[in-house]
Amino acid sequence: MPVNPSPTVRQRAEAALVAGLLWGLGCLPRRWALRGGILLAGLLACVLPRLWWVGADNLALAFPDLPERERRRLLHGCITNLGRLLGEFSQFPKLHPGNIREVVEYEGFEHFAAAQAQGRGVIFFTGHLGAWELSAFAHALYGHPLNILVRPIDNPLVDRLITRRRTASGNRILSKHRDLRGLVARLRRGETVGILADVHVQPQHGLFCPFFGRPASTSPLVARLARRTGATVLPGYLVWDARRGRHRLVFEPPVPLVQTADEAGDIRENTLRLTRCWEAIVRRYPDQWLWIHRRWKSQPRPDPAPATLPNGLNLLSPGNDEC
């Protein structure tokens, strides 16, 4: 079997569909591209009712006291947000330093500037909120390129297509499967790394942390990297401001992390703190988070023993995130 087998017919068809979709939306003015993306996301949700079921179940878990009508509104906002993300992604080739301010504005940039000035590296702690692909793209156009840690897309043709767009503004892509040691080196050189840290990981690679009152298997990677490199962990995210018709790239103050002689205990405590931080952010913008992701897919087994780090978990293991 060849090391790099030729793409299958299905992979070629998928890549052609994605390329055609992005090209078609990209030919439209931005306002119409966003509307087109929202329409397509709504159609996709109708064709794939599982998305609605997963989202409805997740919202019922997170907001059990919320009226069902309000939960449906939040789920509709989630689907709309995905369509807006698609529309914005199609417009990436049109964005440049001269016009990015018309699309994305900063809020709390002083927090990023202060963290960067320390010279110990910055971990851009973020998640699937708003048009998340646009956050790193815009930050680079503003003159602050970063390293983005990603899980490669299974279809290599689609992966190459998406990577070209992601890196067009100057960002660099790092693979969760291959580049973790290089990531440590970049942080130690004072660079910035963006990590989407709000997804489910397989329990053997994660820690169960309360998220909306329910255990969620969470990667300890951010806490481990911060401890090993001394990097500042800075919450950052992009949110849609409907009144202004543009996005806000928000940086919050750094998350205070503990560091004692107990490495395992520190990593667990800091992962808990980061999870609480992200929950607070999602609660502020619940209609812009990815509720169709199976965040609570795994649940811990009953065990009277105190919770510990998974046995044999490599210091740099990112976990295996799944949607």
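Use the structure listed above.
What counts and how
Residues numbered from 1 in each chain as written. Predicted model: local features only at pLDDT ≥ 70, side-chain atom pairs only at ≥ 80, totals over all residues. Heavy atoms only, no water. Pairing = 2+ DSSP bridges. Helix = DSSP H or I, 4+ residues; strand = E, 2+ residues; numbered from the N terminus. Axes fitted to C-alpha atoms, helices over the stretch in contact; angles between N-to-C directions. Contact = heavy atoms within 4.5 Å. Parallel < 35°, antiparallel > 145°, perpendicular 65-115°, else oblique. Left-handed = near helix turned anticlockwise from the far one by under 90°. Nonpolar A, V, L, I, M, F, W, Y, C, P; charged D, E, K, R; others polar. Buried < 20%, exposed > 50% of the residue type's maximum accessible area, 1.4 Å probe, protein only. Phe/Tyr/Trp six-rings, centres within 6.5 Å; stacked < 30°, edge-to-face > 60°. Salt bridge = Lys/Arg side-chain N within 4 Å of Asp/Glu carboxyl O. Right-handed = clockwise from strand over helix to strand, strands pointing away. Lys, Arg positive; Asp, Glu negative; His and termini not counted. Polar contact = N/O pair within 3.5 Å; in protein donor to acceptor, adjacent residues only side chain to side chain. Patch = residues over 30% accessible without salt bridge, like charges linked within 9 Å, V, L, I, M, F, W, Y side chains within 5 Å. Areas by Shrake-Rupley, 256 points an atom, 1.4 Å probe, with all protein chains shown as cover.

In space, the seven strands of this open sheet follow the order 1-10-9-2-5-3-4, with mixed pairing throughout. If you trace the sheet from one side to the other, it starts and ends with strand 1 (104-107) and strand 4 (172-175), each paired once. Along the sheet, successive strands turn relative to each other by an average axial angle of 30°, direction set aside. Here strand 9 (residues 232-241) pairs with strand 10 (residues 246-251) via six bridges, running antiparallel. Each bridged residue has a counterpart across the sheet, and for Val239 the counterpart in strand 10 is Arg248. Here helix 10 (residues 263-284) sits on the sheet in contact with strand 2 (122-126) and strand 9, set at roughly 15° to strand 9.

Helix 10 packs onto helix 9 (residues 221-229) with a crossing angle of 125° between their chain directions and a minimal axis gap of 8 Å. Comparing the axis directions of helix 9 and helix 10 gives the class oblique. As helix 9 packs across helix 10, the resulting crossing turns out to be right-handed. For the pair helix 9 and helix 10, the contacting residues are Val222, Ala223, Arg224 and Arg227 in the first and Glu263, Asp266, Ile267, Asn270, Thr271 and Leu274 in the second. Split by residue class, the contact of helix 9 with helix 10 holds four nonpolar, two polar and four charged.

On to helix 6 (residues 132-141). Every α-helical turn comprises 3.6 residues, leaving residues that sit three or four positions apart pointing alike. For helix 6, the tally of buried residues reaches 10 of 10 residues, placing the bulk of the element in the interior. Just beyond helix 6, the residue with positive phi is Gly143, at close to 105°.

Here we come to the packing of aromatic side chains. For any pair of aromatic rings, the description rests on two quantities: the centre-to-centre distance and the angle between the ring planes. As enumerated under the stated definition, the model contains 19 aromatic pairs in all. Measuring from ring centre to ring centre gives 6.5 Å for Phe212 and Trp296, while their planes differ by 80°; the resulting arrangement is edge-to-face. Linking Phe212 in the loop between strand 7 (207-211) and strand 8 (214-218) with Trp296 in the loop between helix 10 and strand 11 (321-322), this pair joins segments that are 84 residues apart in sequence. The pair formed by Phe212 and Trp296 is uniform in burial state, with each residue classed as buried.

Let us look at the pattern of salt bridges. Any two side chains of opposite charge can pair, on the condition that their charged atoms come close. Scanning the model with the defined rule gives 18 salt bridges in all. In this structure, Arg248 and Asp241 form a salt bridge, with 3.8 Å as the shortest nitrogen-oxygen distance. When sorted by exposure, Arg248 lands in the same class as Asp241, which is buried.

Across the two faces of strand 3 (residues 147-150) the burial is the same, with Asn147 and Leu149 and Ile148 and Val150 all buried. As paired strands, strand 3 and strand 4 are joined by four bridges and run parallel to one another. Residue pairing for strand 4: Asn147 is matched across the bridge by Arg172. With respect to chirality, the unit in which strand 3 leads through helix 7 (residues 156-166) into the neighbouring parallel strand 4 is right-handed. Two strands pair when backbone bridges link them, and strand 3 and strand 5 (residues 192-196) are joined in this way by three bridges, in the parallel orientation. Bridge pairing in strand 5 links Ile148 to Gly194.

This paragraph deals with the side chain of Arg295. Along the chain, Arg295 turns up in the loop between helix 10 and strand 11. This buried residue, Arg295, is left without a salt bridge; Asp198 holds the nearest opposite charge, at 6.4 Å. A distance of 3.0 Å separates a polar side-chain atom of Arg295 from the backbone oxygen of Asp198. Arg295 has contacts with Asn58, Asp198, Val199, His200, Phe211, Ala216, Ser217, Thr218 and Trp289, leaving out every residue within four places of it along the chain.

This part covers the environment of Asp241. Residue placement: Asp241 occurs in strand 9. Residues in contact with Asp241, not counting those within four places in the same chain, are Arg246 and Arg248. Side-chain polar atoms of Asp241 contact the backbone nitrogen of Arg243, separated by 3.2 Å.

Moving on, we come to the side chain of Thr275. The topology assignment puts Thr275 in helix 10. Judged by its relative accessible area of 6%, Thr275 falls in the buried class.

Here the focus is the packing of helix 1 (residues 9-26) against helix 4 (residues 68-90). Contact geometry for helix 1 and helix 4: axes closest at 8 Å, N-to-C directions at 80°. Between helix 1 and helix 4, the angle is such that the two are roughly perpendicular. Contacts between helix 1 and helix 4 pair Leu21, Leu22, Leu25 and Gly26 from the former with Leu86, Phe89 and Ser90 from the latter.

What follows is about a nonpolar patch on the surface. A cluster of nonpolar residues, Leu21, Leu39, Leu40 and Leu43, forms a patch on the protein surface that exposes about 340 Å² of accessible area. For the nonpolar patch, the element with the most residues is helix 2 (residues 30-47), which contributes three residues. Relative to the elements of secondary structure, Leu40 occurs in helix 2. For Leu40, a relative accessible area of 32% gives the class partly exposed.

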